[in-house]
Amino acid sequence: MSEVQRQEQASVDRLLRINEVTGQAGLGKSAIYEMITAGTFPAPIKIGCASRWSQLEIQNWIEERKRERAA
């Protein structure tokens, strides 16, 4: 993937369902909700009674974990 394609992809945000979030983060639903309560995971966006997560926020959270690992 070229740098231009990565930048274009990064500038597009999607709203993810919990099953997509669990797949990307590699965590279960319970762990995600516990981390949200603790303030260590991005909170969902409420749309009516539905909860959705920003794909960019989840990607940023994953990148932060990678940087912590390297430190």
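Residues numbered from 1 in each chain as written. Predicted model: local features only at pLDDT ≥ 70, side-chain atom pairs only at ≥ 80, totals over all residues. Heavy atoms only, no water.

A. Region of the structure containing the packing of helix α2 (residues 18–25) against helix α3 (residues 29–38). It is the contact of α2 with α3, at a shortest axis distance of 10 Å, that shows an interaxial angle of 90°. Accordingly, the angle class assigned to the pair α2 and α3 is roughly perpendicular. Only Lys29, Ile32 and Tyr33 of α3 make contact with α2, whose side of the interface consists of Ile18, Val21 and Thr22. (Axes fitted to C-alpha atoms, helices over the stretch in contact; angles between N-to-C directions. Helix = DSSP H or I, 4+ residues; strand = E, 2+ residues; numbered from the N terminus. Parallel < 35°, antiparallel > 145°, perpendicular 65-115°, else oblique. Contact = heavy atoms within 4.5 Å.)

B. Summary view of the nonpolar core. Judged by nonpolar contacts, Leu16, Val21, Ala25, Ile32, Ile36, Phe41, Trp53, Ile58 and Trp61 together constitute the single largest core of nine residues. When residues of this core are traced back to their parent elements, those giving at least two are α2, α3 and α4 (55–70). When residues no more than four places from it in sequence are discounted, the contact partners of Trp61 are Ala25, Leu27, Met35, Thr40, Phe41 and Pro42. (Core = buried A, V, L, I, M, F, W, Y, C linked by side-chain atoms within 4.5 Å. Buried < 20%, exposed > 50% of the residue type's maximum accessible area, 1.4 Å probe, protein only.)

C. Region of interest: the pairing of strand β3 (residues 50–54). Burial analysis of β3 places four of its five residues in the buried class, which makes it a mostly covered element. One ladder, built from two bridges, connects strand β1 (residues 15–16) with β3; its direction is antiparallel. Bridge pairing in β3 places Leu16 opposite Trp53. Here strand β2 (residues 45–47) pairs with β3 via three bridges, running antiparallel. Paired with Lys46 across the strands is Ser51, a residue of β3. Counting the residues between successive antiparallel strands, the hairpin from β2 to β3 contains two residues, one of them, Gly48, with a positive phi of roughly 65°. (Pairing = 2+ DSSP bridges.)

D. Representation of a nonpolar patch on the surface in the model. A grouping of Leu15, Ile45 and Ile47 is seen on the molecular surface, where their side chains present a nonpolar patch of about 240 Å² in accessible area. Here Ile47 is to be found in strand β2. (Patch = residues over 30% accessible without salt bridge, like charges linked within 9 Å, V, L, I, M, F, W, Y side chains within 5 Å. Areas by Shrake-Rupley, 256 points an atom, 1.4 Å probe, with all protein chains shown as cover. Salt bridge = Lys/Arg side-chain N within 4 Å of Asp/Glu carboxyl O.)

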